[in-house]
Amino acid sequence: MVIAVDRAKRKLQHIEYALATGQHRLHGFEDVTFVHNSLPNISTAHIDLQTTIGELSLRSPIFINAMTGGGGEQTAKINEQLAYAAKQCGIAMAVGSQMAALKDERERSSFTVIRKVNKHGLVFANLGSEATVELAKRAIDMIEANAIQIHLNVVQELVMPEGDRDFCGALSRIEQIVSAVDVPVIVKEVGFGMSKETARKLEQIGICAVDVGGFGGTNFAQIENERRKQPLTYFNEWGMTTTVSIAEVATTTERLSIIGSGGVQHALDVAKCIALGASAVGMAGYMLRFLIEKGVEALIEEIERLHNDLTLIMTALGTPTVADLQNAPLVITGKTHHWLRERGIDTTHYSRRS
């Protein structure tokens, strides 16, 4: 049981270092500017925040992204409060990796508490790309999940002192899970971004949605380096920003739903994710910090404020639905523009639409 104890300790360290290192907002949103609409011809009463991820219908494009679990009572309490906030605000929620609970029965309650609190809400299971079909089914059953996230965290594992070093066969394992489970499969990066090449491979095996997990939010390379005696500091700056990741995937795939995440901290970030091509937006580090520092009731108020602010932004743009917001004209400048141009992506696709 030593492995389980070490895993639980690591989960708590991840929370500690995530709060300590924070988010440096290197996500690229500053390079994205909406074209102002002086005649939106719309009222705030017309705004509809409903959206879809694959075949899933969400009342809001904002959801609580994967964070934790498997760290004993402390992570159980965090998940209980996050689930309560998700229930009160009518938003979806993803759990952290369930591998700890699959290897140690004592950690199940830090995940199952979510269903106890939010019996009818949308909940996403979560496992790494090393997962087998059997493990995926057990993770889904554990929390009666509506979908499962398979996370990709190669750089985090390489920096993690006790992390994996063999990533062979990941795509094949994910394809087997897609074929075997009865819920949508979402593939999620954990903070290093996603390229168009990766997205195309995932689209070809039947993935319904990808979470780009762009660089600019919680930095798991930096977190794992805090746990190393000899840090691999070159990985601290590794990755693709949130903006370039969404744009790469959106302009080169046809059927994938896109989840924008990575450093999202307010409603304007959410709106920019959607306008770049996302159908939904995950927030993790920002939600965690708000919960730990101010409590669950304050988190609920903050989520409600995010919804209100997004409604105002959509009104200003004259976009009554998420689908309309996905077609709002915007101009891309700076490093994001340079990256996309070098990658063969024509950014006038965004600036000349109406």
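Residues numbered from 1 in each chain as written. Predicted model: local features only at pLDDT ≥ 70, side-chain atom pairs only at ≥ 80, totals over all residues. Heavy atoms only, no water.

The next subject is the overall build of the protein. When its secondary structure is counted, the protein shows 16 helices and 12 strands. In summary, the protein has a C-alpha radius of gyration of 19 Å against a globular reference of 20 Å for 354 residues, a match within 12%. Each of the three principal axes of the protein carries a C-alpha extent, and together these read 65 × 40 × 40 Å. Buried residues in the protein amount to 59% of all 354 residues. Put simply, 74% of the contacts in the protein that link residues at least 6 apart link residues at least 24 apart. Accessible area for the protein stands at about 15200 Å²; split by element, carbon and sulfur atoms hold 49% of it. Across the protein, 35 positive and 40 negative side-chain charges occur, with their mean positions spaced 2 Å apart. (Helix = DSSP H or I, 4+ residues; strand = E, 2+ residues; numbered from the N terminus. Rg over C-alpha atoms; globule rule 2.2 N^0.38 Å. Buried < 20%, exposed > 50% of the residue type's maximum accessible area, 1.4 Å probe, protein only. Contact = heavy atoms within 4.5 Å. Areas by Shrake-Rupley, 256 points an atom, 1.4 Å probe, with all protein chains shown as cover. Lys, Arg positive; Asp, Glu negative; His and termini not counted. Charge placed at Lys NZ, Arg CZ, Asp CG, Glu CD.)

In this model, the protein carries an average pLDDT of 93, and 93% of its residues clear a pLDDT of 70 or more. Across residues 1–5, where pLDDT falls below 50, the model places 3 contacts with residues more than four positions away in sequence or in other chains. (pLDDT = per-residue confidence, 0-100.)

This part is about helix H7 (residues 170–180). Within H7, the full set of buried residues consists of Ala 170, Ile 174 and Ile 177. Within H7, the buried residues cover an arc of 55° as seen down the axis, which keeps them to one side. In this fold, the buried residues of H7 make contact with helix H5 (133–143), strand S7 (147–152) and strand S8 (185–189). (Arc of directions from axis to C-beta.)

Attention now goes to the nonpolar core. Counting residues in each nonpolar core, the largest one holds 92 residues, and the members touching the most others are Leu 127, Ile 148 and Ile 207. Residue contributions to this core peak at 10 residues, all from helix H13 (residues 296–317). If sequence neighbours within four positions are ignored, Leu 127 has contacts with Ser 97, Gln 98, Met 99, Leu 102, Leu 135, Ala 136, Ala 139, Ile 148, Gln 149, Ile 150 and His 151. (Core = buried A, V, L, I, M, F, W, Y, C linked by side-chain atoms within 4.5 Å.)

The subject of this paragraph is the pairing of S7. Counted residue by residue, S7 has 6 buried out of 6 residues, so it is predominantly covered. Both faces of S7 are covered, namely the face carrying Ala 147, Gln 149 and His 151 and the face carrying Ile 148, Ile 150 and Leu 152. Bridging between strand S6 (residues 123–128) and S7 involves 5 bridges; their strand directions are parallel. The residue bridging Ala 125 from the neighbouring strand is Ile 148, located in S7. Each parallel crossover has a hand, and for S6 linked through H5 to S7 it is right-handed. In this structure, S7 lies alongside S8, joined through 5 bridges in parallel fashion. Among the inter-strand pairings, His 151 is bridged to a residue of S8, identified as Lys 188. (Pairing = 2+ DSSP bridges. Right-handed = clockwise from strand over helix to strand, strands pointing away.)

Turning our eyes to something else, we now look at the UniProt feature "binding site: Mg(2+)" (unreviewed entry) in the protein. According to UniProt, the "binding site: Mg(2+)" (unreviewed entry) feature falls on Glu 157. For Glu 157, the location among the structural elements is in helix H6 (residues 154–159). Those residues within four positions of Glu 157 in sequence are excluded, and the remaining contacts are Gly 163, Asp 164, Arg 165 and Phe 167. (UniProt positions renumbered as here; feature names shortened; annotations may be inferred.)

As a further point, take the pattern of salt bridges. All told, the structure shown has 11 salt bridges when counted by the stated rule. Between Lys 188 and Asp 211 there is a salt bridge whose closest N-O contact spans 3.6 Å. Residue Lys 188 is located in strand S8, and its partner Asp 211 is located in strand S9 (residues 209–211); the two are separated by 23 residues in the primary sequence. On the basis of relative accessible area, Lys 188 is assigned to the buried category, the value being 9%. (Salt bridge = Lys/Arg side-chain N within 4 Å of Asp/Glu carboxyl O.)

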